[in-house]
Every structure is written in C-alpha cells, then in structure tokens.
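Residue-level listing of the chains:
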Amino acid sequence: MELTEFIEKFADLFDDLEATDIQPDTVFKDLEEWSSLTALELIALVDEEYEVTIGGDDIKNAVTVEDLFNTIAGK
C-alpha cells in the first residue's frame, strides 16, 4: 500500500474533491464534505480494499490523511 494510492481512494469518498486536492498533511476533518457518513464509508473502504479493520477511535485520533494511512499500514 502506498500513500498516493490511499489518497486517490480517500478522495473518491468525496463528490467535489480530486486526489490532487488532498495532500498527506491535509486535515481531513476540516474538509467541507467530511461527515460521520464519510467516516463510515472510510471504514468500509479500508476493510474492503486493505482487509484492515479500523474503528471510530482510529479516525478520531488521526488528524491528517497521512495519520490515517499510517494507522491503516500499522494494523
């Protein structure tokens, strides 16, 4: 799993964002479209694409997109 690949998949969760709009240091909770529904979609994406289970606490403790990536990579 590579960070750029993860960013592309993460960007697909949003209607109005492209992967080029998201950087590793992007604070994802500050994104206009971020919501609890997006968090659930992220959990499903990670489970389906990477066969890794993350929970609400993992998302809550992450600040940037790279934090999310590192959490997933570390599991």
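The model shown is predicted, which means the values in this text are computed figures rather than measured ones. (Residues numbered from 1 in each chain as written. Predicted model: local features only at pLDDT ≥ 70, side-chain atom pairs only at ≥ 80, totals over all residues. Heavy atoms only, no water.)

(A) View of the nonpolar core. In this structure, Phe6, Phe10, Phe28, Trp34, Leu42, Ile59 and Leu68 are the most contacted members of the largest nonpolar core, which totals 24 residues. Mapped onto this core, the elements with two or more residues apiece are helix H1 (3–11), helix H2 (36–50) and helix H4 (65–73). Leaving out residues up to four positions away in the same chain, phenylalanine 6 has contacts with Leu42, Tyr50, Val65, Leu68, Phe69 and Ile72. (Core = buried A, V, L, I, M, F, W, Y, C linked by side-chain atoms within 4.5 Å. Buried < 20%, exposed > 50% of the residue type's maximum accessible area, 1.4 Å probe, protein only. Helix = DSSP H or I, 4+ residues; strand = E, 2+ residues; numbered from the N terminus. Contact = heavy atoms within 4.5 Å.)

(B) The packing of H1 against H4, seen in detail. Packing of H1 against H4 leaves a shortest axis separation of 10 Å and a crossing angle of 110 degrees. As the angle between them shows, H1 and H4 are arranged roughly perpendicular. The two elements H1 and H4 meet at a crossing, and its hand is right-handed. Residues Leu3, Phe6, Ile7 and Phe10 of H1 touch H4, and the partners they reach there are Val65, Glu66, Leu68, Phe69 and Ile72. Class assignment of the residues belonging to the contact of H1 with H4 gives a composition of eight nonpolar, no polar and one charged. (Axes fitted to C-alpha atoms, helices over the stretch in contact; angles between N-to-C directions. Parallel < 35°, antiparallel > 145°, perpendicular 65-115°, else oblique. Left-handed = near helix turned anticlockwise from the far one by under 90°. Nonpolar A, V, L, I, M, F, W, Y, C, P; charged D, E, K, R; others polar.)

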